[in-house]
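What follows is the residue order along each chain.
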Amino acid sequence: MTTGGVIYLSKKAVFVFFGLLFLIFFMRMFYAQYIYIEEALVSENLEKLKAYEKVILFHFPLSPYTKKAVNGMLIECEKFNEEREKLYCYETLRSSLIQIKSFYQPYKNVIESIKTKIAHLRTIEMINWKENRLTMKDYQSLYQQHMKLLEYENAPSVFWSIIVVFSLIGWITNVFIVIIKGLGTPVDKKFLLLGFCGFMIFFTLWIIGLYLA
Amino acid sequence: MCHSSYIAFTLFSILYIFSLAPVFSTGDAGGLIVSSYTLGVAHPPGYPFFSVLGKIFSFLPLGNIGIKVALMPCVFSILTLLMVYLIIHRFTKSAVYSLLGVITLGVSYSFFFQTSMIKFYPANSFLVLLLLFLGIKITEGFDRRLIFASAFIIGLMTGLHHTGLFMIIPLFVIGLLYRKEFFKNLPLSAVFFLAGFLVNLHLYIRSIEEAFTAAHRADTLSGFFNMLLRRFYGESSSIDTVGGAFHSFDGYLNAMRNLYYLIDANFGIFTLVFVLMGLLFLYKKRAIFLLFIVSFFLYSIALAKMTFSGSVRDISTMYVVGNQYFIPFLSLYAILFALGVYFFANLISKFDFKIVPKVLPISLILMSLIFLPIRFSQTVQFNNWVPYYHGKDALSILPVSSVISTYGDNHTFEIWYMKIVGRFRDDLCHITSHYYNLTEWRLEGCKPTDFYKPLLSDFFSGNFNETMLKKRFYSTVALSKEHPFYEFVDVKPYAFIFAYIPKNKVTEDDEKFFKELSLKSEKFLTPKVCLNHTTDDPFTFEMCNFFSISYLVLASSIKPAKPMETLTVDASIAYGRFLAPLKLDIQIGKENARYIELYKSLRAYNDYRRCYLLE
């Protein structure tokens, strides 16, 4: 495992290590979804909602449990009579789906479809709050403001974020190439040049990525 | 590696991953996830390397953003164990002794605890051990590439945790063994250090771009260096902390006592004998001994003098300092322990006790493994939903488009996570102050402010009174005499938060209003998570104890038809050194007795005496 003065790990070992971690992580997701979907089936009202929320938070691609939880929540949300509960329900669904975002957003269509409901419920709640002294005449302007908030994207661009993280790995790797391959005895000019150019390219990309992400 | 090593690493991987909190843990976790997710700037020194590494993990297509970022420290813990294995194996050429070191560290309380938290300490420990490994290689023969690689890694560590910089000293000492070559290559080493240091440009660029910043911007040269040197923390800044080790010898005794306690809690004090033998074993290999003894001194006694020399072993001393900063020390300790056992076993085998080298390490491994289920049950965060629901419940009970102000890590970071990453109730404007007695609010949880201004025009025009009169100003902060609002504002407890009302404007109707609102909001609270989280994390207890106030408030909101007894609550809520009064009159009857029972259950379950490191 150690050779030539540096730690040497074969590609196979690295692959097996990260593969194993990914598998265990997947097992954790699967197990958690299983216990919380079972909990959802025997719960009522807001407790049922919270169990569904937990199922979504452990989402994995193509999970039947996530689908069941999202559909279950959509049904439950409509069952609530109080606007405050309805708002809590839709906010919970939206939030839990946003939290499972990776390089893509699962169930984007559901998030889009409930935005208007959330904006409507928030507006109604504001009007119903006696101390605000608002009336239905204010509905449109309040609704628009809430829609603006709901449509605002606060996360950095996925594309530029990927550029940032991989260009950072890129320039760090190239510095190591310069050191390990280029600065041996005697100096290997080919690797020195290759590493330096790689460093410059990835470093520039990293800086641009940080500005544009 | 032998088969049993593969099994051990797989076992640790399973236990560690299943120990992670479902979304995020207490402490800095919420803030660190937000800075990773937004590619922002965490609390000083900003931790840019952590943020980017966390961002890589957030791209995994499994689970929620919180647990994905939590996987990163977990991976670094496993890599730290791998480094422990490699270093021991280098000296003993024995898988059994290497495994002994791995298991000793792997089951130690603090190491297990940190693995399940979202923190930078496991990554820091891994890099410290990597540098130690490179140092060992340097002692075997000068190779300038090892010096350059070490300098570059130290440069990168400036973007992670400052205790990593201690490794400059032992590596420099080792470098002196090759004086001529070492000094010749020192200027180029400085260049590579600076190349690594470039990772901190993240702080400057993301500050200019107005990304999330937890404490202050680093968009000017002074802002940048204030961030790196942690000047924001005043007397706890990096320079002052290091200075604390040298300006006096006071506190060394306490530091030693606390270290002794930490060793006993993590490994048992009998291990100290073997650690001394480990040093004796290395003594013959002079250069390596020098490397180990300097590193060991810096990460134990010197660091303890700077940070761990309090005379009282309270939560702050044991869980903020001892349980976190000393992970590199514990790693070094485990290595020396395994080397000491190896030395002892070989020594005794010379006296016809040939069975000892075979039996002793295996017996010690088995003994350590007994602690595995204990550690798992103590530190497991598998079911710890407390930070998540604590933040979510606080936001859930607020009226639409109101203001919530917070102070302190626990409340601020969890609400940042819920609002910025989770986008839960993003109609609310979250403001936070780093100092209890100041109202210099940061608006990271209320951005972009242009979107909030039309919905909270009174607040943004400075008319806080109007916002309060509309019953839309809430806080997790009760007011003590030292708070700037104390003279102007009355607080009304509302579940576990407080409504702010202009002084002397609270009418009887308002009293009734908040009582009814508390009762109506009860259904949004999640007390269950405070009764089954299973962890012994004191900050989880802190949150749950704070949350338990809800049930006193609920009990006081009901006037029973036939009161059985009257309970007068005259307590104080501590915000650092500030004590804010909490007064409630509760008439207990059939209608509200269940709230009192629930309050008692919450307090009993979240008893600090359950914290393993507290005496």
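Parameters and conventions
Residues numbered from 1 in each chain as written. Chains lettered and ligands numbered in written order. Predicted model: local features only at pLDDT ≥ 70, side-chain atom pairs only at ≥ 80, totals over all residues. Helix = DSSP H or I, 4+ residues; strand = E, 2+ residues; numbered from the N terminus. Rg over C-alpha atoms; globule rule 2.2 N^0.38 Å. Buried ≥ 20, exposed ≤ 12 C-beta atoms within 10 Å, placed from the backbone. Contact = placed C-beta atoms within 7 Å. Axes fitted to C-alpha atoms, helices over the stretch in contact; angles between N-to-C directions. Left-handed = near helix turned anticlockwise from the far one by under 90°. Nonpolar A, V, L, I, M, F, W, Y, C, P; charged D, E, K, R; others polar. Domains from an automatic or database assignment. Pairing = 2+ DSSP bridges. Right-handed = clockwise from strand over helix to strand, strands pointing away.

1. Regarding the overall build of chain A
Then comes step 1: Each helix and strand counted, chain A has eight helices and two strands in total.
Then comes step 2: Reading chain A from its N terminus to its C terminus gives the helix and strand order β-β-α-α-α-α-α-α-α-α.
Then comes step 3: Computed over C-alpha atoms, the radius of gyration of chain A comes to 25 Å, more than 25% over the 17 Å expected from 2.2 N^0.38 for 213 residues, which places it beyond the range of a compact globule.
Then comes step 4: For the C-alpha atoms alone, the extent of chain A along its principal axes is close to 80 × 40 × 25 Å.
Then comes step 5: Buried positions account for 38% of the 213 residues belonging to chain A.
Then comes step 6: For chain A, the proportion of contacts with a sequence separation of at least 24, taken over those separated by at least 6, is 54%.

2. Observations regarding the packing of helix α8 (residues 189-212) of chain A against helix α11 (residues 201-208) of chain B
Then comes step 1: Interaxial distance between α8 of chain A and α11 of chain B falls to 8 Å at its minimum, and their mutual angle equals 35°. Crossing hand, α8 of chain A versus α11 of chain B: right-handed. Residues Ile 207, Leu 210 and Tyr 211 of chain A of α8 of chain A pack against His 202, Ile 205 and Arg 206 of chain B of α11 of chain B.
Then comes step 2: Across the contact of α8 of chain A with α11 of chain B, the residue classes tally to four nonpolar, one polar and one charged.

3. Considerations on the domain arrangement of chain B
All names here are of chain B.
Then comes step 1: What the domain assignment reports for chain B is domain 1 (11-379) and domain 2 (386-610).
Then comes step 2: Contacts between the two partners involve 22 residues from domain 1 and, on the opposite side, 19 residues from domain 2.
Then comes step 3: Breaking the side of domain 1 that touches domain 2 down by element, the ones donating at least two residues are α2 (29-37), α4 (65-92), α17 (315-325) and α19 (356-379).
Then comes step 4: Counting residues per element, the side of domain 1 that touches domain 2 draws most heavily on α2, which supplies six residues.
Then comes step 5: Here the residues of the side of domain 1 that touches domain 2 are counted per class, giving 12 nonpolar, nine polar and one charged.

4. What to know about unusual backbone geometry
Then comes step 1: Backbone torsion omega between Thr 185 of chain A and Pro 186 of chain A reads 0°, so that peptide bond is classified as cis.
Then comes step 2: Residue Lys 447 of chain B is joined to Pro 448 of chain B through a cis peptide bond whose omega torsion reads 0°.
Then comes step 3: In this structure, Arg 230 of chain B is a non-glycine residue whose phi angle is positive, near 55°.
Then comes step 4: Inspection of the secondary structure assignment puts Arg 230 of chain B in the loop between α12 (221-228) and α13 (238-243).
Then comes step 5: On the neighbour-count criterion, Arg 230 of chain B (20 C-beta atoms within 10 Å) is buried.
Then comes step 6: Notably, Arg 425 of chain B is not glycine yet its phi reads approximately 50°, a positive angle.
Then comes step 7: Positionally, Arg 425 of chain B belongs in the loop between α21 (409-421) and β2 (429-433).
Then comes step 8: Classification of Arg 425 of chain B as buried rests on a count of 27 C-beta atoms within 10 Å.

5. Section: the domain arrangement of chain A
Then comes step 1: Each assigned domain of chain A is listed with its residue range as follows: domain 1 (2-155) and domain 2 (159-212).
Then comes step 2: Taking only C-alpha atoms, the centre of domain 1 of chain A and the centre of domain 2 of chain A are 38 Å apart.

6. Details of the environment of Glu 125 of chain A
Then comes step 1: Of note, Glu 125 of chain A is situated in helix α5 (residues 108-128).
Then comes step 2: By the C-beta count within 10 Å, which is 19 here, Glu 125 of chain A ends up partly exposed.
Then comes step 3: Put simply, Glu 125 of chain A and Leu 212 of chain A are 87 residues apart on the chain and 38 Å apart in space, counted from C-alpha to C-alpha.
Then comes step 4: Among all residues touching Glu 125 of chain A, those that are not within four sequence positions of it are Glu 83, Arg 84 and Leu 87 of chain A together with Val 400 of chain B.

7. Observations regarding the interface of chain B and chain A
Then comes step 1: Counting residues at the interface gives 60 residues for chain B, matched by 57 residues for chain A.
Then comes step 2: Ranked by residues supplied to the side of chain B that touches chain A, first place goes to helix α8 (residues 144-157) of chain B with six residues.
Then comes step 3: The class makeup of the residues in the side of chain B that touches chain A is 36 nonpolar, 10 polar and 14 charged.

8. What about the pairing of strand β8 (residues 578-588) of chain B?
All names here are of chain B.
Then comes step 1: Sheet analysis places strand β7 (residues 565-575) next to β8, joined by 11 bridges and oriented antiparallel. Within β8, the position partnered with Ile 573 by the bridge is Ala 580.
Then comes step 2: Between β7 and β8, which pair antiparallel and follow one another directly, the connecting turn spans two residues, one of which, Gly 576, has a positive phi of 65°.

9. Points about the pairing of β2 of chain B
Looking down a regular strand, the side chains alternate between one sheet face and the other.
Residues and elements named next belong to chain B.
Then comes step 1: With four of its five residues buried, β2 lies for the most part within the structure.
Then comes step 2: In terms of strand pairing, strand β1 (residues 403-407) meets β2 through five bridges, oriented parallel. Bridging across to β2, Tyr 407 finds its partner in Ser 433.
Then comes step 3: Read from β1 through α21 to β2, the crossover connection turns out right-handed.
Then comes step 4: Across two bridges, β2 lies against strand β3 (residues 442-445) in antiparallel orientation. Residue pairing across strands places Thr 432 opposite Arg 442, the latter belonging to β3.

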